[in-house]
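# Tertiary structure, described
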Amino acid sequence: MDQENPMRILAIGGAGCSIVEKLIEEPNIKEQAYALNLDARLLNRSLIDRKIQLGARLTRGLGSGGNAAIGTQAALESQDAILRAIKGAEIVVMISGLGGGTGSGVSSVVAQLAKEQGAFLVSVVTYPFLFEGKDRCFLADETLAELRLLSDLVLCFDNNLMEKLIDDDGGVINAFDHLNESIAKIVSSIPSMLASKGFLRIGLDDLKSLTVSGKSVCVVGNGEGCESARVSDVVEGLKKTLLLPENFENLVEGALLSIEIGSDVTVSEVEDLVNQVRSLLGDFSDIKIGLTVNAASSSMKAMCFVSIKLLPTAQEAPVLRQTTPILTPVEEVSIPPVQTSVKPQESIVTSPIVTKPVADPICLPGAPSNEFFVTTEPADDADDEIEDSVDDSFELFDDIAPEAPKNEVRFVEKRVIEPETEEVIQEFTSSEKIDDLHRYSNDSENAHTLDRGKFSSSRRLIVDGQDLDLPPALRKS
Amino acid sequence: MAKAKIHVGLEIGTSTTRLVVGEVAGDGSITILGVGEVPSSGVLRGEIEDAAAVIQNVFDAWELAQENADVDIQTVFLSVTGEHIKGENNRGTFRLPPDENIISHDHMEEVLEIARDIPLSNDQFVLHRVPGLYSLDDQQNLTNPSGLTGRTLDIDCHIIHGIKSRITNSFRCVREVPLDISDVVFAPIAAAQFLLNRHAKQAGALLIDIGGGTTDYVLYVEGQLVASGCIGLGGDHISNDIALMLGIPWEQAELLKKMQGDANGHRSKGGEVVRLKGTGNMPDIVVERSKLNEIIHDRLDEILHLVKSRLPEDTFRRRLCKAVYLCGGTSLMRGIGDLALNIYGVAINMLSDVEESEVPRYIEDPRYCTTIGLIRYAQILETELPDKRGLLGRMKSWFSRG
């Protein structure tokens, strides 16, 4: 990144520092990287030149002991130092390992500070191994939920899925080294991707638009190939490094493919690559493509960002491994053998409420006549006049992201009511059939798409990994 | 005898914006002169989301209250709430210098100063610092240890703080109207001034104010404030649950809740059906009563358990708290008393059980607790702090009251 567009890399806690240490040899990184830790001993050993010791008064140089509250308090104590580090930065890349006291406790504070400064915030986090225990996974989920709201982009690397990258024979040290290296490689190539002036350019706005709903995290992979088999090499590389969870196909929210090609790469090769990536992502159609030409080489490099929708439930730890839908129909409806002339179709609203950030309302198949729309304006459409007078103390994160365009989508909620006749309701007087009248039909729905009703546009209220805005009965099941 | 004074309490609630004008007579009794209330908009979970809407609401309530009470209102006591507001206890300890062993007022102030000083980040705003009772060496609960002999003096201080920018938002909205703010009070603290008398606080009392968007609570043990806070769940969530679980519009869910709901999920007979007429072309809504009640029960049960989990451990097992006081609009829900009794296992006081005072009508309504409490708070503040204004200032205030 050049001077006009300064970047800061904040390595938080032990995990963050060891990843950034792999990066430190890259050009320009050294001046931009800061190590943040509570543990003075680890901090001193770190290769990163710029160090910030957090909570020197609170813990006197000891670590957080796995306690996120201590991490948070330490970060608050040292917030002036953190602010000095990120002052004037346009992009803040925050790298941390979730689940630990420092990683989880400090990250949310740093994220908030960075956002207050108006920086474009990229959070790079690793998700703990399952064997590290349920508590750590809970903590990681909670922090992840917070970061997703605060960050413009969350890159999540699930350690559990990274097992496939590890050589089985190598020792533990090698394995971690390898993981850190692959994360470092990806992180270091982001700034060069953004800085390059290709003819299909990718900017911060494109990255931000990947996670527009605030409900998803990104996974990222890269691949490289040269000579004749370059396309298949690149796809192989992507396949290996892209840490997609199982059954991800319906959860893909956006994808971005940045390709750097040599001068002799043909159009058909690029087309081939894009098609292969598309089928890799379960035929996801809406892939954004960036193309830059590096005339000096004949190789082909690609980096792929995939944003995946998640619901913050610690019950289902780890998050990325949600394989089964959380929700089952509240009432299992068994339609009795026909006793009446009434057709066994639900009579009152049983359709799921569809909330999608699309310009056109989506019609359910066979949408009947009775329907109504609830249109929710994005929050920043508030009256300008008032905003002028009260803006500076208003909620911090509404309108800061510098480059990203204003969120132009309108959220259109649509409820569809099945056609209904008066006789039908008259027929249903005995209690046995009431269940048929009312059930929350979410059979094929995942919890991710579940509507939170009146609270769907508000900040989530998460306690112990549960989204309290959802009805308790739905969460229990 | 002191002259009668007029105080105004303003609450910008999630469902209602409410302004209550009260006259505090020389003998301390409060008469409600008038009330202005309008349904709120732009408030979610007790926090302001749309400033323009809130300003308009406060303005409307202000106009209404002025009309009803027939007074000019210029300053108000404002109650705030929101999940960001937290209560923390901080213990200050002061060890007397070796050559002294009698506690003096200076020592008491010193230890209080230590207890009041709690490290907070810059974005926090301290709403209240409530000092508790002193303890001297092992001697607990001393109101005034001055003159006693001892070595170590301790005091607990309960500090209530919230995020500055969000509290400032409320300030700004009120000032835009334009109204002056005399003081800002955390909502359940205000309600406690009204609902809990000294004996109740001494015996140990938990006040839970379940409003539309938030549930606020304060716990007094042995006369001291030991816990307070806010949970971002309230009556709106019940309606939302009903709307989501039954797949009906929110407004109708709200109606169902108010007209037919019962928090005691098991009370209804099986098979009984509730029917609500559909609006417009919508079909009638038919729900099994037990199902509706179960939804309400689940949510309220969760809220009350959440409150319990936020309190110091063993509050109820060690019988530190002898009674629970419920107020706020959601406390009007049928069956909530039984539900709370099951959870807390102590006496549950709803507003109709609370001691009578001379305030007509409104005092029996749990929705007015916070605003009436604000007036009580103003009154207490006034008796504690003598009028420091000069003659001119006082003359000004005569005119301002019209």
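Residues numbered from 1 in each chain as written. Chains lettered and ligands numbered in written order. Predicted model: local features only at pLDDT ≥ 70, side-chain atom pairs only at ≥ 80, totals over all residues. Heavy atoms only, no water.

### Looking at the overall build of chain A
- Within chain A, the regular secondary structure consists of 17 helices and 15 strands.
- The buried share among the 477 residues of chain A stands at 51%.
- In chain A, the share of contacts with a sequence separation of at least 24, taken over all contacts with a separation of at least 6, comes to 77%.
- As displayed, chain A has an accessible area near 21700 Å², and 49% of this comes from carbon and sulfur atoms. (Helix = DSSP H or I, 4+ residues; strand = E, 2+ residues; numbered from the N terminus. Buried < 20%, exposed > 50% of the residue type's maximum accessible area, 1.4 Å probe, protein only. Contact = heavy atoms within 4.5 Å. Areas by Shrake-Rupley, 256 points an atom, 1.4 Å probe, with all protein chains shown as cover.)

### Some thoughts on the overall build of chain B
- A count of helices and strands for chain B gives 11 helices and 18 strands.
- Long-range contacts, defined as pairs at least 24 residues apart, comprise 67% of the intrachain contacts of chain B with a sequence gap of at least 6.
- For chain B, the accessible surface area stands at approximately 17400 Å², while carbon and sulfur atoms represent 48% of it.

### Re the sheet that holds strand E3 (residues 30-39) of chain B
All names here are of chain B.
- Across the sheet, which stays open at both edges, the 5 strands sit in the order E3-E2-E1-E6-E11 with mixed pairing between neighbours. Where the open sheet ends on each side, the last strands, each with one partner, are E3 and strand E11 (180-186). Put simply, the sheet's adjacent strands are angled 20° from each other on average, direction ignored.
- Where strand E1 (residues 5-12) lies against strand E6 (residues 75-80), 3 bridges are found, and the strand directions are parallel. Counterpart to Glu11 in the pairing with E6 is Ser79.
- Set on the sheet, helix H10 (residues 369-384) makes contact with E1, strand E2 (16-24), E3, E6 and E11; between it and E1 the angle comes to about 135°. (Pairing = 2+ DSSP bridges. Axes fitted to C-alpha atoms, helices over the stretch in contact; angles between N-to-C directions.)

### Section: a nonpolar patch on the surface
All names here are of chain A.
- Nonpolar side chains collect at one region of the surface, where Phe199, Leu200, Ile289 and Val293 lie side by side and expose about 360 Å² of accessible area between them.
- Take Ile289: it is sitting in strand E9 (residues 287-293).
- Exposure remark for Ile289: the relative accessible area of 31% places this residue in the partly exposed category. (Patch = residues over 30% accessible without salt bridge, like charges linked within 9 Å, V, L, I, M, F, W, Y side chains within 5 Å. Salt bridge = Lys/Arg side-chain N within 4 Å of Asp/Glu carboxyl O.)

### Looking at the packing of aromatic side chains
- With the rule as written, the count across this model stands at 3 aromatic pairs over all chains.
- Against the face of Tyr368 of chain B rests Arg18 of chain B, its NZ or CZ located 4.8 Å from the ring centre. (Phe/Tyr/Trp six-rings, centres within 6.5 Å; stacked < 30°, edge-to-face > 60°. Lys NZ or Arg CZ within 6 Å of the ring centre and 35° of its normal.)

### Regarding the pattern of salt bridges
All names here are of chain B.
- Considering all chains together, one arrives at 13 salt bridges over all chains under this definition.
- In this structure, Arg299 engages Asp241 in a salt bridge whose closest nitrogen and oxygen atoms are separated by 2.7 Å. Separated by 58 residues along the polypeptide, Arg299 in helix H8 (residues 289-310) and Asp241 in helix H6 (residues 235-246) bring together distant segments of the chain.
- Note on Arg299: relative accessible area 0%, which makes it buried.

### Considering the nonpolar core
Residues and elements named next belong to chain B.
- Ile73, Ile189 and Leu196 are the most contacted members of the largest nonpolar core, which totals 67 residues.
- Ranked by the residues each element gives to this core, the list is headed by helix H1 (residues 51-69), at 8 residues.
- Residue contacts for Ile73: discarding those within four places in its chain leaves Val8, Leu19, Val21, Trp62, Ala65, Gln66 and Leu179.
- Residues Ala263, Ile296, Leu300 and Phe316 belong to the second largest nonpolar core, which totals 47 residues. (Core = buried A, V, L, I, M, F, W, Y, C linked by side-chain atoms within 4.5 Å.)

### Examining the side chain of Asp365 of chain B
All names here are of chain B.
- Examined against the element boundaries, Asp365 turns out to sit in the loop between strand E18 (347-349) and H10.
- Residue classification places Asp365 among the buried positions, given a relative accessible area of 15%.
- At 2.9 Å, the side chain of Asp365 and the side chain of Arg367 are in polar contact. (Polar contact = N/O pair within 3.5 Å; in protein donor to acceptor, adjacent residues only side chain to side chain.)

### Things to note about the packing of helix H6 (residues 79-86) of chain A against helix H7 (residues 101-116) of chain A
Residues and elements named next belong to chain A.
- Viewed as axis vectors pointing N to C, H6 and H7 meet at an angle of 50°, and their least axial separation amounts to 10 Å. On the basis of their axis angle, the class for H6 and H7 is oblique. Relative to H7, the crossing made by H6 is right-handed. Along the contact surface, H6 presents Gln79, Ile82, Leu83 and Ile86, while H7 presents Val110, Leu113 and Ala114.
- Here the residues of the contact of H6 with H7 sort into 6 nonpolar, 1 polar and no charged. (Parallel < 35°, antiparallel > 145°, perpendicular 65-115°, else oblique. Left-handed = near helix turned anticlockwise from the far one by under 90°. Nonpolar A, V, L, I, M, F, W, Y, C, P; charged D, E, K, R; others polar.)

### Some remarks on the confidence of the model for chain B
- Scored by pLDDT, chain B comes out at a mean of 86, with 91% of its residues at no less than 70.
- Looking at the elements of chain B, mean pLDDT is at its lowest for helix H11 (residues 391-400) of chain B, recorded as 55, and at its highest for strand E12 (residues 205-210) of chain B, recorded as 94. (pLDDT = per-residue confidence, 0-100.)

### Digging into helix H1 (residues 13-23) of chain A
- Considered for burial, the residues of H1 of chain A that qualify are Gly13, Gly16, Cys17, Ile19, Val20 and Leu23 of chain A. End-on, the buried residues of H1 of chain A take up no more than an arc of 165°, which puts them together on one face. (Arc of directions from axis to C-beta.)

### Things to note about the environment of Leu148 of chain B
- Among the structural elements, Leu148 of chain B can be located in the loop between strand E9 (139-142) and strand E10 (152-163).
- For the pair Leu148 of chain B and Leu136 of chain B, spaced 12 residues apart in the sequence, the C-alpha separation amounts to 8.6 Å.

### Side note on the pairing of strand E6 (residues 153-158) of chain A
Residues and elements named next belong to chain A.
- E6 sits mainly inside the fold: 6 of its 6 residues count as buried.
- On E6, burial covers both faces: Leu153, Leu155 and Phe157 on one face and Val154, Cys156 and Asp158 on the other are all buried.
- Relative to E6, strand E5 (residues 120-127) runs parallel, the two being bridged by 6 bridges. Looking across to E6, one finds that Val124 is bridged to Leu155.
- Handedness of the β-α-β unit built from E5, helix H8 (residues 134-150) and E6 comes out right-handed. (Right-handed = clockwise from strand over helix to strand, strands pointing away.)

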